[in-house]
Amino acid sequence: METARPGPVPTVDYVHGYSRREGRRLGDQADTLARLLHDGTSYPAGSRVLEIGCGVGAQTVHLLRSSPGAHIVAADRSEESLARARAHVAAAVPDARMEWHRADVYDLPFADGEFDHVFVCFVLEHLPAPRQALAVLRSVLRPGGTLTVIEGDHGSAFFHPDSLYARAAIECQISLQTAAGGNPLLGRELHPLLTGAGYEDVEVRPRTVYADRTRPALAEGFTRDTFTAMVEAVRGDALAAALITSADWDRGIADLHRTAREGTFHYTFFKATAVNPSPPSATKPSPV
Ligand SMILES: C[S@@+](CC[C@H](N)C(=O)[O-])C[C@H]1O[C@@H](n2cnc3c(N)ncnc32)[C@H](O)[C@@H]1O
């Protein structure tokens, strides 16, 4: 079944930006959460897999390792990120044979039904029209092909010791991402989004990160270097928009760091799988 491709959507600012620091944060995030997020994702040898919004290749290396025989095609709209992704993959998986494309999810340079599988991680939450993007991705999937989506939901962040200042700093990140056209609470909407975009057999599973002192790798790799680093990065924009005072901001960030050092932290990701429906088979009338 051919799916009509919707028209282009205007480009909006991307809240995290493309700094080297953000590239490192994406790497820390992917490596710290690889087991939690990639568990259950392995594509058969010979299948064609599109990773859209590959960024600096942080998830690409995990896809290549868990699906060594699959043909991975990675795409992103940022040329700079793609250059870093190529270098990262060349260093981490030197024998990888894959393709790279500069492409916008709303306007993909691929043929209808070209892919067996599509993988998308932490991208829909930055898009002003995620359902439209999902419809375009469905058009490049073959009938019966699968989509895997992983997204966060900042409403799932709670921690001890609690801090009004830390929550206010997180709220700034949420406001700025929303103002840039994204949806930082998208994880909880995955099921209706995917069914609304025409996918079948949609299954959504929460994947929870919980860190305390007995899990120092998660406390450092996730609470400090992924989540707190993401919030810290919007300091300038939050102050410029007068969303918070600098004193309250600094206290909020200090409280998040205290949580990483000696407290507890909870966050839930949502991982969805779904199938592009096959067209109804044309049933010939049986001869009488
Ligand atoms: C948070 S990063 C995630 C990168 C990677 N998937 C990961 O998990 O490390 C979001 C990525 O989506 C890309 N992106 C945002 N809007 C896009 C669009 N309209 N088309 C293609 N890529 C887009 C950005 O350039 C960025 O690299």
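Procedures and definitions
- Residues numbered from 1 in each chain as written.
- Predicted model: local features only at pLDDT ≥ 70, side-chain atom pairs only at ≥ 80, totals over all residues.
- UniProt positions renumbered as here; feature names shortened; annotations may be inferred.
- Helix = DSSP H or I, 4+ residues; strand = E, 2+ residues; numbered from the N terminus.
- Buried ≥ 20, exposed ≤ 12 C-beta atoms within 10 Å, placed from the backbone.
- Core = buried A, V, L, I, M, F, W, Y, C linked by C-beta atoms within 7 Å.
- Contact = placed C-beta atoms within 7 Å.
- Axes fitted to C-alpha atoms, helices over the stretch in contact; angles between N-to-C directions.
- Parallel < 35°, antiparallel > 145°, perpendicular 65-115°, else oblique.
- Nonpolar A, V, L, I, M, F, W, Y, C, P; charged D, E, K, R; others polar.
- Near = placed C-beta within 6 Å.

According to UniProt, the positions carrying the feature "domain: Methyltransferase type" (unreviewed entry) are residues 50–148. Taken end to end, residues 50–148 is 32% helix and 28% strand, and its first and last C-alpha atoms sit 10 Å apart.

The next thing to look at is helix α4 (residues 130–140). In terms of burial, α4 is a largely internal element, 8 of the 11 residues being buried. Three or more residues of α4 are buried, namely P130, A133, L134, V136, L137, R138, S139 and V140.

V49, V118 and L137 are the most contacted members of the largest nonpolar core, which has 76 residues in total. In this structure V49 touches Y43, L63, S67, A70, H71, I72, V73, F115, D116, H117 and F119, once residues within four positions along its chain are discounted.

Attention now moves to the packing of helix α7 (residues 216–232) against helix α9 (residues 246–262). At a minimum axis separation of 9 Å, α7 and α9 run at an interaxial angle of 170°. With respect to each other, α7 and α9 are oriented roughly antiparallel. In contact with A219, E220, T223, R224, T228, V231 and E232 of α7, α9 contributes I253, L256, H257, T259 and A260. Taken together, the residues of the contact of α7 with α9 break down into 5 nonpolar, 4 polar and 3 charged.

Before going further, it helps to spend a moment on the site of the ligand. With respect to spatial proximity, 21 residues lie near the ligand, and among them G53, G55, A58, R77 and V105 are the closest. Here the residues of the shell around the ligand sort into 11 nonpolar, 7 polar and 3 charged.

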